[in-house]
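# Examining the three-dimensional arrangement
Chain by chain, the residues run as shown.
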Amino acid sequence: MHLPHPRGPLTEELLGALRSGIDDFYAVLAAAPTATGEDAALALWVLHELHYRGFGEVPEQLEWDPQLIRVRRVLEHDLENRLRDRFTAPEGLSFVEDVFDWIDGHEGPSLARHVHRDADREQVLELFRLRSLYHLKEADPTAWVVPRLGVRAKAALMELQYDEYGAGDPNRLHHHLFAEGMRASGLEPAYDAYLHLVPLEVLEQNNALSMFGLHRRLRGAALGHLAAFEATSSLPSRRMAQGLERLGFPAEMVDYYAEHVEADAVHEQLAVRTICAALLEEEPELEEDLWFGAFTCLDLEDRFARTMLARWGVEEEVA
Amino acid sequence: MSAAGTHFEHPDVVVCPGGPMLLRGKHTIEDADGVPHETTRPVTAVCRCDRSASFPWCDGTHRVLPAKLRPT
Ligand code: FES
Ligand SMILES: [Fe+2]
Ligand SMILES: [Fe+2]
């Protein structure tokens with residue numbers, strides 16, 4: 001795994017400092033508050049990555065360097081404020097009872113519909129490259145939430161995560177299935193391979209997930225995001241699988257989506273009725289953060305879908 | 001907390017209102033034509049609306065049915 005190319009002054013400073021092996025990051029700290037858009041998002045993505053698999057060029061002890069953590073916090077603060085500004089909590093709804101209907105009532109552009117009927121091969125390959133940033137670490141950010149939960153919610157989350165991780169069989173581990181699909185489709189299954197291509201919207205999706213996972217304070221948002229993610233997967237995965245068959249994609253990639261039709265029909269029920277329900281029994285004050293996480297999941301996916309459809313010159317197709 | 005300790009309900013079968021039935025563990029389901037289907041994952045969602053394209057497993061189709069066609 002290699003450090004990406006900078007996208008502005010902040011990443012210029014940050015990547016230079018990480019590479020040089022010094023442990024004086026004041027210049028990075030100084031650049032952080034002025035960074036905008038992609039530059040800030042890429043910087044945060046790199047800082048989060050130190051907590052996953054890291055980079056060959058970066059000494060491992062920098063994961064907990066206080067100055068880098070300070071930079072991370074500045075950028076996360078900014079991201080969280082932006083996400084919260086977009087969100088209004090629905091009134092008079094119960095998360096466990098109403099979240100499915102609330103999601104079904106959400107009208108957003110659908111990439112799966114486009115892939116199903118109209119996308120060409122090149123567009124689908126582009127989608128895989130951009131989505132690989134998340135799919136190659138699928139379920140990992142949510143794993144950080146486990147030790148922050150009470151007994152029932154913890155057992156419930158592990159029941160779902162166990163399936164994401166292949167129930168002990170590495171061949172069925174979901175991010176491995178995606179890697180196999182990429183390989184079979186002629187793509188490079190490494191999560192830095194296409195980092196230079198991903199737009200702001202994809203960096204934000206990944207940063208939000210990592211931030212929710214890394215902060216105990218945001219466990220409600222992490223699990224709300226999980227619920228919305230699982231609850232918007234089964235039918236779209238079916239459309240994806242059929243679209244891939246239409247375009248002659250290899251069986252490995254079709255298998256990844258076919259697996260998600262059935263797995264996520266289970267996971268959406270587990271996420272809402274066991275995980276979030278147990279969380280609320282233990283910590284009812286987290287209900288608003290469940291909505292915040294769920295909203296953020298839908299909103300960031302809408303933004304990504306809009307960007308891609310506009311790039312391809314396609315009229316929005318509402319899910 | 002009581003001296004008897006805490007016991008959590010953890011049923012093998014969970015009926016989801018408007019949706020599937022969750023089954024924990026390994027089971028074989030025989031469909032209406034007598035064909036057996038084995039569960040393959042730790043928890044399986046069995047379709048109760050009869051309209052899944054992956055029958056007998058739930059594929060989320062119940063979510064797009066009008067309320068009166070959803071299982072209770
Ligand atoms: S119950 Fe989900 S598809 Fe039938
Ligand atoms: Fe998955
Ligand atoms: Fe899932």
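Residues numbered from 1 in each chain as written. Chains lettered and ligands numbered in written order. Predicted model: local features only at pLDDT ≥ 70, side-chain atom pairs only at ≥ 80, totals over all residues. Heavy atoms only, no water.

### Re the domain arrangement of chain A
Residue and element names in this part refer to chain A. Cut-off, in case you're wondering: Domain start and end points were adopted from an automatic or database domain assignment. Residue contacts are counted whenever heavy atoms from the two residues lie within 4.5 Å of one another. Throughout this description, the term salt bridge denotes a Lys or Arg side-chain nitrogen within 4 Å of a carboxyl oxygen of Asp or Glu. Residues adjacent in sequence count toward polar contacts only when both atoms are side-chain atoms; beyond that, a polar contact is any pair of N or O atoms within 3.5 Å, and within protein one must be able to donate a hydrogen and the other to accept it. Charged means Asp, Glu, Lys or Arg here, nonpolar means Ala, Val, Leu, Ile, Met, Phe, Trp, Tyr, Cys or Pro, and polar covers whatever is left, Gly included.
Each domain of chain A was delimited in the assignment, giving domain 1 (9–85) and domain 2 (95–311). Taken over C-alpha atoms, the centre of domain 1 sits 25 Å from the centre of domain 2. Domain 1 puts 19 residues into the contact, and the matching count from domain 2 is 24 residues. Inspection of the region where domain 1 meets domain 2 yields 4 salt bridges. With a closest N to O distance of 2.8 Å, Arg 217 and Glu 80 form a salt bridge. Our count for the domain 1 to domain 2 interface comes out at 8 residue pairs in polar contact (both at pLDDT 80 or more). When grouped by side-chain class, the residues that make up the side of domain 1 that touches domain 2 number 7 nonpolar, 3 polar and 9 charged.

### Re the interface of chain A and chain B
Counting residues at the interface gives 25 residues for chain A, matched by 23 residues for chain B. Applying the counting rule to chain A against chain B returns 7 salt bridges. Put simply, Glu 259 of chain A and Arg 41 of chain B hold a salt bridge, and the shortest N to O gap is 2.9 Å. Applying the counting rule to chain A against chain B returns 8 residue pairs in polar contact (both at pLDDT 80 or more).

### Observations concerning the side chain of Asp 39 of chain A
The cut-off we apply is this: Helix and strand assignments follow DSSP, with helices taken as H or I runs no shorter than four residues and strands as E runs no shorter than two, numbered in order from the N terminus. Only protein chains enter the calculation, and the probe is 1.4 Å; a residue is then buried if its accessible area is under 20% of its type maximum, exposed if over 50%, and partly exposed in between. When charges are counted, Lys and Arg contribute as positive and Asp and Glu as negative, whereas His and the chain ends are disregarded.
Looking at the secondary structure, you find Asp 39 of chain A in helix H3 (residues 37–49). The buried charged residue Asp 39 of chain A lacks any salt bridge partner; its closest oppositely charged side chain belongs to Arg 7 of chain A, at an N-O distance of 7.9 Å.

### Concerning the side chain of Asn 207 of chain A
All names here are of chain A. Within the secondary structure, Asn 207 is located in helix H11 (residues 200–214). Within the structure, Asn 207 has its side chain in polar contact with the backbone oxygen of Ala 41 (distance 3.0 Å). Of the polar contacts made by the side chain of Asn 207, one reaches the backbone nitrogen of Trp 45; its length is 3.5 Å. Ignoring anything within four residues of it in the chain, the contact list for Asn 207 reads Ala 41, Leu 44, Trp 45, His 48 and Leu 79.

### Topic: the sheet that holds strand E2 (residues 21–24) of chain B
All names here are of chain B. To keep things clear, this is the line we draw: Two strands qualify as a pair provided that DSSP identifies no fewer than 2 bridges between them. Axis lines are fitted through C-alpha atoms, for helices just across the contact stretch, and the angle between N-to-C directions can take any value from 0 to 180 degrees.
Reading across the sheet, the 3 strands line up as E1-E2-E5 and stay open at both edges, with antiparallel pairing between neighbours. Two strands in the sheet have a free side with no partner beyond their single neighbour: strand E1 (13–15) and strand E5 (43–46). Put simply, the sheet's adjacent strands are angled 20° from each other on average, direction ignored. Summarising the sheet, E2 and E5 pair through 4 bridges and their orientation is antiparallel. Pairing of Leu 23 across the sheet is with Thr 44, part of E5.

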